[in-house]
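Fold and contact review
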Amino acid sequence: VSSFMIGASIDAHPEVAREVVRRGHEGGGRGRAHAPQFHLPRAEETAFLRSGFESLRRATGVWPKGFNARGLQYGPNTLSILKELGLTYSIDDRSRDEPFIVPVDGGDFLLSPYMTHVNDLQFFQNSLQPLENYERVLRQEFETLYEEGARRRRMMSMPLHDFIAGRPSVSRTVEAFIAWAKQKPGVWFARRDEIAEWALASPLTPRVPG
């Protein structure tokens, strides 16, 4: 799992952040608060982001490699700020089914897309759909990408929130889907930082204009 943690939440519950990392999951970066930052002047946005990342390092000893903005909203300076702060990727994109590289000040930066349509928040808070619809969509999403993956790279992400997917009924559905998907040969279950490292090193990763 890649867990993107808000600075203020980490400061309030550092033991949770430490446990996430202790269990081998990725500690990902978010800002100081669950608030937008894309509209801020560059210096203010940098301070907002750095503060959240420093909270993660204080609690876990880890400086994040990846970032997730509130509402997937990044501005004209965000990616170059992240690069400047030592991060390698962001998940704030919905345009592709595979990671891709964009140029920023300082070099290459990876966008590792997010999949809003399989987001647990969409299903159980925004539209109140039944559990069987959620598992059906997860399976159909996987099956289509798996078939396409025979010809080109494909990635599926499952955006989960602890206050939704952590509920007993939803967690059983998530576990059932993962157990089913693990039966398929050749699938890599990876953290986002592992995907980013692999994609940035590969000459086959698509590059798009900034």
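Summary of the structure given here. Keep in mind the model is a prediction, meaning the values are calculated, not measured.

Along its length, the chain carries nine helices and six strands. A compact globule built from 210 residues should have a C-alpha radius of gyration of about 17 Å, and the chain, at 17 Å, falls within 12% of that. Taken along its principal axes, the extent of the C-alpha atoms in the chain is 45 × 40 × 30 Å. Counting every position in the chain, which comprises 210 residues, the buried fraction comes to 43%. Relative to all contacts within the chain whose residues are 6 or more apart in sequence, the contacts with residues 24 or more apart total 63%.

A few words now on helix 6 (residues 131-148). In an α-helix, one turn spans 3.6 residues; hence positions three or four apart end up facing the same way. Compared with an ideal rise of 1.5 Å per residue, which puts 18 residues at 26 Å, helix 6 spans 26 Å between its outermost C-alpha atoms and is within 8% of the ideal. Turning to helix 6, its buried residues number three or more, namely Tyr-134, Leu-138, Glu-141, Phe-142 and Leu-145. For helix 6, the angular spread of buried residues about the axis comes to 95°, placing them on one side. At its buried positions, helix 6 is contacted by helix 5 (120-126) and helix 8 (168-181).

Mapping Asp-193 onto the fold places it in helix 9 (residues 192-201). Reaching out from Asp-193, the side chain makes a polar contact with the side chain of Arg-191 at a distance of 2.5 Å. Ignoring anything within four residues of it in the chain, the contact list for Asp-193 reads Ser-2, Glu-26, Lys-65 and Tyr-89.

The rules we used
- Residues numbered from 1 in each chain as written.
- Predicted model: local features only at pLDDT ≥ 70, side-chain atom pairs only at ≥ 80, totals over all residues.
- Heavy atoms only, no water.
- Helix = DSSP H or I, 4+ residues; strand = E, 2+ residues; numbered from the N terminus.
- Rg over C-alpha atoms; globule rule 2.2 N^0.38 Å.
- Buried < 20%, exposed > 50% of the residue type's maximum accessible area, 1.4 Å probe, protein only.
- Contact = heavy atoms within 4.5 Å.
- Expected span 1.5 Å × (residues − 1).
- Arc of directions from axis to C-beta.
- Polar contact = N/O pair within 3.5 Å; in protein donor to acceptor, adjacent residues only side chain to side chain.

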